[in-house]
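Spelled out, the chains give:
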Amino acid sequence: MPETAKPPLYITMHDRDNVAIVANDGGLPAGTVFPSGLTLVDKVPQAHKVALVDIPEGGEVRRYNVVIGYALKAIAAGSWVHERLLRMPAARELTGLPIATVKPEPQPPLEGYTFEGYRNPDGSVGSRNILAITQTVQCVAGVTEFAVQRIKSELLPKYPHVDDVVALEHGYGCGVAIDAPDAIIPIRTLRNISLNPNFGGEVMVVSLGCEKLQPERLMPPGTIPLIDERNVADVGDSAESQLDVVCLQDDAHVGFMSMVDSIMRQAEEHLERLNARRRETVPASELVVGVQCGGSDAFSGVTANPAVGFCTDLLVRAGATVMFSEVTEVRDGIDQLTSRATTPEVAEAMIREMAWYDAYLDKGRVDRSANTTPGNKKGGLSNIVEKAMGSIVKSGKSPISGVIAPGEKVRQKGLIYAATPASDFICGTLQLAAGINLHVFTTGRGTPYGLAEVPVIKVATRSDLARRWHDLMDINAGSIADGDATIEDVGWEMFHLMLDVASGRKKTWAEHWKLHNALVLFNPAPVT
């Protein structure tokens, strides 16, 4: 059936809602009559809200059974409800919250699901086998990238079991107040990214020499739980491993190519060890998945994010680790989160992270309302309250069993709240540091986002986006709004695709096209 022939359709999220979103591609013109008898007063774009009843001036506007705003003037039934008609509610106070009050019925374990992964010496499992070259400072980025390109063209073909070589480039390392209290965040972020499960425990560092972030500060003794096999013959197998550092300012380097040769020489030793690794069958409980949304629209909370939430619950039942993040995009639903905490301590940790971020925004003289983008609003999201309600559903219904601060590494199974900014690039970087081996990213407006370090599964919220970006989106959750699939159907599709991607049986579109966004370290400390 052609799209124009589809009957007019709106979608409500709760029986108490007094607005709904228009589902039809291209939106609907004024005068359209819905099966319920509601007639559109205005032309309403797809994904935008229509008033289901007359709403008086100052009246509540409800979606998800949550007050997303107050009417700045009377709104007639059938009218287009957009951000210019709404006053945003104040943020929920961080006191008097429900603490660990939701006690869901225990779900049966999901057993028998496996994938083929790379078991690491520390017990973690990688979905890819990658040589990562850590940089202490942005100054070395050009030299390292030149060397990486030569490694890929001259060395990597000799090591067919190594998937890729990536330079962990970033903008930190010098010109910063490195002893400031918050400087620990970018430092531990880079440290923990270097130890991501997809890198096989092989740590190689390129340093300039004079930077503030010295290699021994970035990776102090004991950080790498491995014996350096290259040194065993010389110093004995009981010696502590030595950090592999190429320092460009060393006197031994005479000319640019001597620096490149040093990097290539050291890289080959790591490539040899990585190439000896093989995939083995491991339980699905070894998945560590980060979920995120970007370029969101009003369908995000209707299709893609609920499907991710259902898949999140499947992963938790399988014993895996799932992280959801983005402080400003869950802040307005903090009461939903603290009530789902497994213990009061977990709830208090969430509150502590929210309070820290409130203070961080306050220092910049902004608040959570600074989050929403022109694209969000064009996609029907009026403000951060509405956006947050659609974002939270990525976390499913499972109890929240842990909280980690920015840059920390996850050390437990279950559903984890990883506190991060909502920036796609900073959130992805911090989830890498937390230890993900797989990333799921939902989008309504569309973004070609990808990471070199882990596979990124992209989920479209609308069928129109999935059709137009057919070679960028991995899953079409728009089929839910079309009535062709259920949330559960798409959730299971996602679960099985995760196992295939983690096993290397399938590549994501971002991997296929080698679409890789830059790492962006979160540095709340001063720059000098």
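Just so we're clear, the structure is a prediction, and the values are computed from it rather than from any experiment.

**Notes on helix 10 (residues 384-392)**
Turning to step 1, where the next piece is worked out: The buried count for helix 10 comes to nine of nine residues, which makes it a mostly enclosed element.
Turning to step 2, where the next piece is worked out: Within helix 10, the full set of buried residues consists of Ile-384, Val-385, Glu-386, Lys-387, Ala-388, Met-389, Gly-390, Ser-391 and Ile-392.
Turning to step 3, where the next piece is worked out: The N-cap residue of helix 10 is Asn-383: its side-chain oxygen and the backbone nitrogen of Val-385 are 3.1 Å apart.

**Observations concerning the sheet that holds strand 15 (residues 288-293)**
Turning to step 1, where the next piece is worked out: As summarised here, the arrangement of the seven strands in space is 17-18-16-15-19-20-21, forming an open sheet in which the pairing is parallel. Strands at the two margins of the open sheet, each flanked by one partner only, are strand 17 (400-404) and strand 21 (475-476).
Turning to step 2, where the next piece is worked out: For strand 19 (residues 438-443) and strand 20 (residues 456-460), the ladder comprises five bridges, and the chain directions are parallel. If you follow Thr-442 over to strand 20, its bridge partner there is Val-459.
Turning to step 3, where the next piece is worked out: Taken strand by strand, helix 8 (residues 344-363) contacts strand 17 and strand 18 (414-418), and its axis lies near 40° from that of strand 17.

**Re the pattern of salt bridges**
Turning to step 1, where the next piece is worked out: Tallied over the entire structure, the rule returns 23 salt bridges.
Turning to step 2, where the next piece is worked out: A salt bridge links Asp-25 to Arg-467; its shortest N-O distance comes to 2.9 Å. Within this pair, whereas Asp-25 is found in the loop between strand 2 (19-22) and strand 3 (49-51), its partner Arg-467 is found in helix 12 (residues 463-468), the two being separated by 442 residues in sequence.
Turning to step 3, where the next piece is worked out: One salt-bridge network, in which partners are shared between bridges, spans Asp-297, Arg-462, Asp-464 and Arg-468.

**As for the nonpolar core**
Turning to step 1, where the next piece is worked out: The biggest cluster of nonpolar side chains holds 57 residues, and the ones touching the most others in it are Leu-287, Leu-315, Tyr-417, Val-440, Ile-457, Met-494 and Met-498.
Turning to step 2, where the next piece is worked out: Examining the composition of this core, we find that eight residues originate from one element, helix 14 (residues 487-502), more than from any other.
Turning to step 3, where the next piece is worked out: If we ignore the near neighbours within four places in the chain, the residues touching Val-440 are Val-289, Gly-290, Val-291, Gln-292, Val-308, Ile-457, Val-459, Met-494 and Met-498.
Turning to step 4, where the next piece is worked out: With 26 residues, the next largest nonpolar core counts Met-204, Leu-208, Leu-248 and Val-260 among its residues.

**Some remarks on the confidence of the model for the protein**
Turning to step 1, where the next piece is worked out: Confidence in the prediction of the protein, expressed as mean pLDDT, is 95, and 96% of residues score 70 or more.
Turning to step 2, where the next piece is worked out: In the model, residues 226-236 has pLDDT below 50 throughout and makes 18 contacts with residues more than four positions away in sequence or in other chains.

**Side note on the sheet that holds strand 7 (residues 86-87)**
Turning to step 1, where the next piece is worked out: Spatial ordering of the open sheet is given by 4-5-7, a layout of three strands whose pairing is antiparallel. In the strand order of this sheet, the two ends are held by strand 4 (60-63) and strand 7, each with one partner.
Turning to step 2, where the next piece is worked out: Pairing geometry for strand 4 and strand 5 (residues 66-71), over four bridges, is antiparallel. Bridge pairing in strand 5 places Arg-63 opposite Val-66.
Turning to step 3, where the next piece is worked out: Most of the contacts of helix 10 go to strand 5, to which it runs at about 165°, and overall it touches strand 4 and strand 5.

**A look at the environment of Val-50**
Turning to step 1, where the next piece is worked out: Within the element layout of this structure, Val-50 appears in strand 3.
Turning to step 2, where the next piece is worked out: Note on Val-50: relative accessible area 0%, which makes it buried.
Turning to step 3, where the next piece is worked out: Setting aside chain neighbours within four positions, we find Val-50 in contact with Asn-18, Val-19, Ala-20, Leu-38, Leu-40, Gly-78, Ser-79 and Val-81.

**Concerning the pairing of strand 8 (residues 114-119)**
Turning to step 1, where the next piece is worked out: Relative to strand 14 (residues 280-283), strand 8 runs antiparallel, the two being bridged by four bridges. Counterpart to Thr-114 in the pairing with strand 14 is Pro-283.
Turning to step 2, where the next piece is worked out: As paired elements, strand 8 and strand 9 (residues 125-126) share two bridges and run antiparallel to each other. Among the inter-strand pairings, Tyr-118 is bridged to a residue of strand 9, identified as Gly-126.
Turning to step 3, where the next piece is worked out: Taking the residues between adjacent antiparallel strands as the criterion, strand 8 and strand 9 are bridged by five residues, where Gly-123 takes a positive phi near 100°.

**Side note on the packing of aromatic side chains**
Turning to step 1, where the next piece is worked out: A complete count under the given rule lists 15 aromatic pairs for this structure.
Turning to step 2, where the next piece is worked out: Ring geometry for Trp-356 versus Phe-522: centroids 6.1 Å apart, planes at 85°, classification edge-to-face. In this pair, Trp-356 is assigned in helix 8 and Phe-522 in the segment after helix 15 (509-513), connecting sequence segments 166 residues apart.
Turning to step 3, where the next piece is worked out: Ring centres of Tyr-357 and Phe-522 lie 6.5 Å apart, and the angle between their planes is 40°; on these two criteria the pair is classed as tilted. Remark: Phe-522 occurs in the segment after helix 15 and Tyr-357 occurs in helix 8; sequence separation between them is 165 residues.
Turning to step 4, where the next piece is worked out: Taking relative accessible area as the criterion, Tyr-357 reaches 8% and is therefore assigned buried.
Turning to step 5, where the next piece is worked out: A residue is classified by how much of its surface remains accessible, and Phe-522, at 3% relative accessible area, is buried.
Turning to step 6, where the next piece is worked out: Members of the aromatic cluster, joined through ring pairs, are Trp-356, Tyr-357, Tyr-360 and Phe-522.

Criteria and cut-off values
Residues numbered from 1 in each chain as written. Predicted model: local features only at pLDDT ≥ 70, side-chain atom pairs only at ≥ 80, totals over all residues. Heavy atoms only, no water. Buried < 20%, exposed > 50% of the residue type's maximum accessible area, 1.4 Å probe, protein only. Helix = DSSP H or I, 4+ residues; strand = E, 2+ residues; numbered from the N terminus. Polar contact = N/O pair within 3.5 Å; in protein donor to acceptor, adjacent residues only side chain to side chain. Pairing = 2+ DSSP bridges. Contact = heavy atoms within 4.5 Å. Axes fitted to C-alpha atoms, helices over the stretch in contact; angles between N-to-C directions. Salt bridge = Lys/Arg side-chain N within 4 Å of Asp/Glu carboxyl O. Core = buried A, V, L, I, M, F, W, Y, C linked by side-chain atoms within 4.5 Å. pLDDT = per-residue confidence, 0-100. Phe/Tyr/Trp six-rings, centres within 6.5 Å; stacked < 30°, edge-to-face > 60°.

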